[in-house]
Amino acid sequence: MTKIGVLALQGAVAEHIRGIEKAGAEGVVVKRTEQLAELDGIILPGGESTTIGKLMRTYGFIEALREFSAAGKPIFGTCAGLIVIAKEITGQPEAHLELMDITVARNAFGRQRESFETDLPIKGIDENVRAVFIRAPLIEKVGPDVDVLATYDGQIVAARQGHLLAASFHPELTDDFRLHSYFLDMVKQSQA
Ligand code: GLN
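Residues numbered from 1 in each chain as written. Predicted model: local features only at pLDDT ≥ 70, side-chain atom pairs only at ≥ 80, totals over all residues.

## Structural notes on the overall build of the protein
Working step 1: Secondary structure assignment for the protein yields five helices and 12 strands.
Working step 2: Its C-alpha atoms give the protein a radius of gyration of 15 Å, near enough to 16 Å, the size a compact globule of 192 residues would have.
Working step 3: With the principal axes as the frame, the protein shows a C-alpha extent of 40 × 40 × 30 Å.
Working step 4: Pairs at least 24 apart in sequence give 66% of the contacts found in the protein among residues at least 6 apart. (Helix = DSSP H or I, 4+ residues; strand = E, 2+ residues; numbered from the N terminus. Rg over C-alpha atoms; globule rule 2.2 N^0.38 Å. Contact = placed C-beta atoms within 7 Å.)

Right, here's the structure in full:
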């Protein structure tokens, strides 16, 4: 069975494991870099990106995940995970993994809109997906190889670059696991 990990240094882990299992793969809670070898893909969850980035440096995940990506294995960043996977973070001198050719702005929706839900059309998924935004980041800029999958209020909130997928919102907080299925399809394509 396809194995998809969830990076479990901080943040929303159990809900993603549930999503992966609903989509029909095995979910693995990942705490050590040695575990990456057994995985076919990995999800970087929401949480607090500065904390996750620090823990990733401490436990060797920056290099290990760059190698994972270089081997063509898919990575899906959600919310804080989207920040962690980005090449650039607006207003911060340093980014984290610097894998996906996107520039992200943290906490981009302002105070009145700290958290909200909406039905979002997503390219490649038939009907709207219920999207939960919590102190969500926005994708301000995308490079030429990045495909925009969803926008909200004219701003980019989901994108894909080959084997890399990113969403501003939390696909694991509803019972709609079609984005997990979408990612599982990416993982299967990467193995074909
Ligand atoms: N605002 C958080 C950050 O900047 C992300 C929020 C989330 O993951 N729900 O890291």
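## Regarding the UniProt feature "active site" (unreviewed entry) in the protein
Working step 1: Summarizing the sequence annotation, UniProt attributes the feature "active site" (unreviewed entry) to Cys-79, His-170 and Glu-172 in the numbering used throughout. The greatest C-alpha distance among the residues just named is 10.9 Å, despite their covering 94 residues of sequence, which places them together in space.
Working step 2: Relative to the helices and strands, Cys-79 is located in the loop between strand E4 (75-78) and helix H4 (80-85).
Working step 3: Here Cys-79 falls in the buried class, since 29 other C-beta atoms lie within 10 Å of it.
Working step 4: When sequence neighbours within four positions are dropped, the list of residues in contact with Cys-79 reads Gly-46, Ile-134, Ala-136, Pro-137, Ser-168, Phe-169 and His-170.
Working step 5: In this fold, Glu-172 is placed in the loop between strand E12 (164-167) and helix H5 (178-191).
Working step 6: Given 26 C-beta atoms within 10 Å, Glu-172 falls into the buried group.
Working step 7: Glu-172 has contacts with Ala-12, Glu-15, His-16 and Gly-19, leaving out every residue within four places of it along the chain. (UniProt positions renumbered as here; feature names shortened; annotations may be inferred. Buried ≥ 20, exposed ≤ 12 C-beta atoms within 10 Å, placed from the backbone.)

## As for the pairing of strand E11 (residues 155-161)
Working step 1: In terms of residue burial, E11 counts as a mostly covered element, since five of its seven residues are buried.
Working step 2: The pairing of strand E10 (residues 147-152) with E11 spans five bridges and is antiparallel. Bridging across to E11, Ala-150 finds its partner in Ala-158.
Working step 3: Hairpin connection of E10 to E11: two residues between the antiparallel strands, including Asp-153 at a positive phi of 55°. (Pairing = 2+ DSSP bridges.)

## Points about the UniProt feature "binding site: L-glutamine" (unreviewed entry) in the protein
Working step 1: The sites that carry the UniProt feature "binding site: L-glutamine" (unreviewed entry) are, in the present numbering, Gly-47, Glu-48, Ser-49, Arg-106, Ile-134 and Arg-135. A maximum C-alpha distance of 12.9 Å is found for the annotated residues, which run over 89 residues; spatially they form one tight group.
Working step 2: Inspection of the secondary structure puts Gly-47 in the loop between strand E3 (41-44) and helix H2 (49-58).
Working step 3: Other than its neighbours up to four places away in sequence, Gly-47 contacts Gln-10, Gly-11, Ala-12, Ile-52 and Ala-80.
Working step 4: We classify Ile-134 as partly exposed; it has 17 C-beta atoms within 10 Å.
Working step 5: Beyond its immediate chain neighbours, meaning those up to four positions away, Ile-134 contacts Gly-46, Cys-79, Ser-115 and His-170.

## Looking at the packing of helix H1 (residues 14-23) against H5
Working step 1: Look at H1 against H5: their axes get within 8 Å of each other, and the N-to-C directions meet at 65°. When the axes of H1 and H5 are compared, the pair comes out roughly perpendicular. Where H1 crosses over H5, the two elements pack in a sense that is right-handed. In this structure, H1 contributes Gly-19, Ile-20, Lys-22 and Ala-23 to the contact, and H5 contributes His-180, Ser-181 and Leu-184.
Working step 2: When the residues that make up the contact of H1 with H5 are grouped by side-chain class, the tally is three nonpolar, three polar and one charged. (Axes fitted to C-alpha atoms, helices over the stretch in contact; angles between N-to-C directions. Parallel < 35°, antiparallel > 145°, perpendicular 65-115°, else oblique. Left-handed = near helix turned anticlockwise from the far one by under 90°. Nonpolar A, V, L, I, M, F, W, Y, C, P; charged D, E, K, R; others polar.)

## Topic: the nonpolar core
Working step 1: Among the nonpolar cores identified, the biggest contains 60 residues, and Ile-85, Ala-86 and Ala-166 are the most heavily contacted of them.
Working step 2: In contact with Ala-166, not counting residues within four places along its chain, are Gly-77, Leu-82, Ile-85, Met-100, Ile-102, Ala-158 and Ala-159. (Core = buried A, V, L, I, M, F, W, Y, C linked by C-beta atoms within 7 Å.)

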